[in-house]
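Structural characterization, general
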Amino acid sequence: MADDDILTLEEVAKYLRVSERTIYDCAQKGEIPAGKIRTAWRFKKSEIDKWVNDRLASNKLNPQINPIHAQSIFSLQRILFLNYSGKKDTLLALAKNLAAAPQIKNGQELSAEIIKREELMSTAIGRGIAIPHIRLSSVTDLVVSVGISRTDIIDFHSMDDEPVRLVFMIAAANNQHAYYLQTLSWFSARLKNPELRDALLASQTTQQVYDLLVN
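To start, this report covers the structure provided alongside it. (Residues numbered from 1 in each chain as written. Predicted model: local features only at pLDDT ≥ 70, side-chain atom pairs only at ≥ 80, totals over all residues. Heavy atoms only, no water.)

**Some details on the overall build of the protein**
Under the convention used in this document: For the purposes of this entry, the term helix denotes a DSSP run of H or I that reaches at least four residues, the term strand denotes a run of E that reaches at least two, and both are numbered from the N terminus. What the globule rule says is 2.2 Å times the number of residues to the power 0.38, and the radius of gyration is computed from C-alpha atoms. Only protein chains enter the area calculation, which uses a 1.4 Å probe; residues under 20% of their type maximum are buried, those over 50% are exposed, and those in between are partly exposed. Whether two residues are in contact is decided by their heavy atoms, any of which lying within 4.5 Å being enough. Each accessible area value is a Shrake-Rupley result obtained with a 1.4 Å probe; residue values ignore everything except the protein chains displayed when judging cover.
Check the secondary structure of the protein and you find eight helices and nine strands. The C-alpha radius of gyration of the protein comes to 17 Å, within 12% of the 17 Å expected for a compact globule of 215 residues. Expressed as lengths along the three principal axes of its C-alpha atoms, the size of the protein is roughly 60 × 35 × 30 Å. The buried share of the protein, reckoned over its 215 residues, is 48%. Considering only contacts within the protein whose residues lie at least 6 apart along the sequence, 70% involve residues at least 24 apart. When the accessible surface of the protein is summed, it comes to about 10700 Å², and 48% of that surface belongs to carbon and sulfur atoms.

Below, the structure written as structure tokens:
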């Protein structure tokens, strides 16, 4: 799919993994870049990509944010220290870690869909952060794996062209759309803090990472 492709409403919904009704409502309200050709909505892929990245980076994924209880989404077992320079190895390591969680019923599907999602559009949001995320029917509840990379991951193609060092992988059930967006937004807002990012990178133990994220 090229950046200058023109997409239908159905194609945008499939691309973003949301319902067609969600895209239709956003287009009607002028919340997503779109144009009408007679009665049909059409979308430019490059503008959709920018729209999604801007919303991830500016904490506007969900206008009604309820508090996230960090203790419920983080665990010591889901925190890894990594040393890969490529995003594929990084994503596979985090997906393997997530697959050990009881909420994940099909680890092979998770790995494949995470890689496919990343190929469609980078989940790097700038400031050395990437938030790969997926919703699947084989996931029973939202779960997160945290990766602290000891080396620069150079091929995430971040919007600010900075290498990635902090990776937060989120897997959620198909029926958790609102909570999924809420969690993405929480991460984007929390990780704007440069002191937190520096402290995470300097951490030596999973306990230190956990304490930083939940306090």
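**Topic: the packing of aromatic side chains**
Our working rule: Ring pairs shown here join Phe, Tyr and Trp side chains whose ring centres sit within 6.5 Å, with only the six-membered ring taken for Trp; geometry is labelled stacked below 30 degrees between planes, edge-to-face above 60, and tilted in between.
Tallied over the entire structure, the rule returns four aromatic pairs. A ring pair is formed by Phe74 and Trp186, whose centres lie 6.0 Å apart and whose planes are at 50 degrees; its orientation type is tilted. Of the two residues, Phe74 sits in the loop between helix 3 (45-58) and strand 4 (79-82) while Trp186 sits in helix 6 (residues 177-190), which places them 112 residues apart along the sequence. Note on Phe74: relative accessible area 5%, which makes it buried. Residue Trp186 is classed as buried on the basis of its relative accessible area, which comes to 16%. Taken together, Phe74, Phe168, Trp186 and Phe187 form an aromatic cluster joined through their ring pairs.

**Points about the nonpolar core**
The criterion, for reference: Put simply, a nonpolar core is a bunch of buried Ala, Val, Leu, Ile, Met, Phe, Trp, Tyr and Cys residues held in one set by side-chain atoms that sit within 4.5 Å of each other.
Membership of the largest hydrophobic core comes to 44 residues, with the highest contact counts inside it found for Ile32, Phe43, Phe74, Val146, Phe168, Phe187 and Leu200. Counting 23 residues, the second-largest nonpolar core is a separate cluster that includes Ala95, Ile114, Val139 and Ile153.

**Thoughts on the pattern of salt bridges**
Put simply, the rule is: What counts as a salt bridge is simple: a side-chain nitrogen of Lys or Arg found within 4 Å of a carboxyl oxygen of Asp or Glu.
Tallying each qualifying case throughout the model produces four salt bridges. Taking the shortest distance from any N to any O, the salt bridge between Lys116 and Glu113 comes out at 3.4 Å. Separated by three residues within a single helix, Lys116 and Glu113 lie in helix 5 (residues 107-120), roughly one turn from each other. Taking the relative accessible area as the measure of exposure, Lys116 reaches 41% and is therefore partly exposed. According to the relative accessible area criterion, Glu113 is buried, its value standing at 17%. With a shortest N-O distance of 3.9 Å, Arg165 and Asp152 are connected by a salt bridge. Separated by 13 residues along the polypeptide, Arg165 in strand 9 (residues 164-173) and Asp152 in strand 8 (residues 143-153) bring together distant segments of the chain. When salt bridges with common partners are traced through the structure, they connect Arg17, Glu113 and Lys116 into a single cluster.

**Digging into helix 1 (residues 9-16)**
Put simply, the test is: Throughout, the arc means that of the directions going from the helix axis to the C-beta atoms.
Along helix 1, the positions that sit buried rather than exposed are Leu9, Val12, Ala13 and Tyr15. Down the axis of helix 1, the sector holding all buried residues measures 165 degrees, keeping them to one side. Just downstream of helix 1 lies Arg17, where phi reads positive at about 60 degrees.

**Considerations on the environment of Asn53**
Relative to the assigned elements, Asn53 resides in helix 3. Judged by its relative accessible area of 17%, Asn53 is buried. Note: C-alpha distance between Asn53 and Ser158 (105 residues apart in sequence) is 9.7 Å. Beyond its immediate chain neighbours, meaning those up to four positions away, Asn53 contacts Ser122 and Met159.

**Points about the pairing of strand 9**
Rule in force here: Two strands qualify as a pair provided that DSSP identifies no fewer than 2 bridges between them.
Of all 10 residues in strand 9, nine are buried; the element is thus mostly enclosed. In the sheet, strand 7 (residues 133-136) pairs with strand 9 via four bridges, with the strands oriented parallel. Counterpart to Arg135 in the pairing with strand 9 is Ala172. Summarising the sheet, strand 8 and strand 9 pair through seven bridges and their orientation is antiparallel. Across the sheet, Ile148 pairs through a bridge with Leu166, a residue of strand 9.

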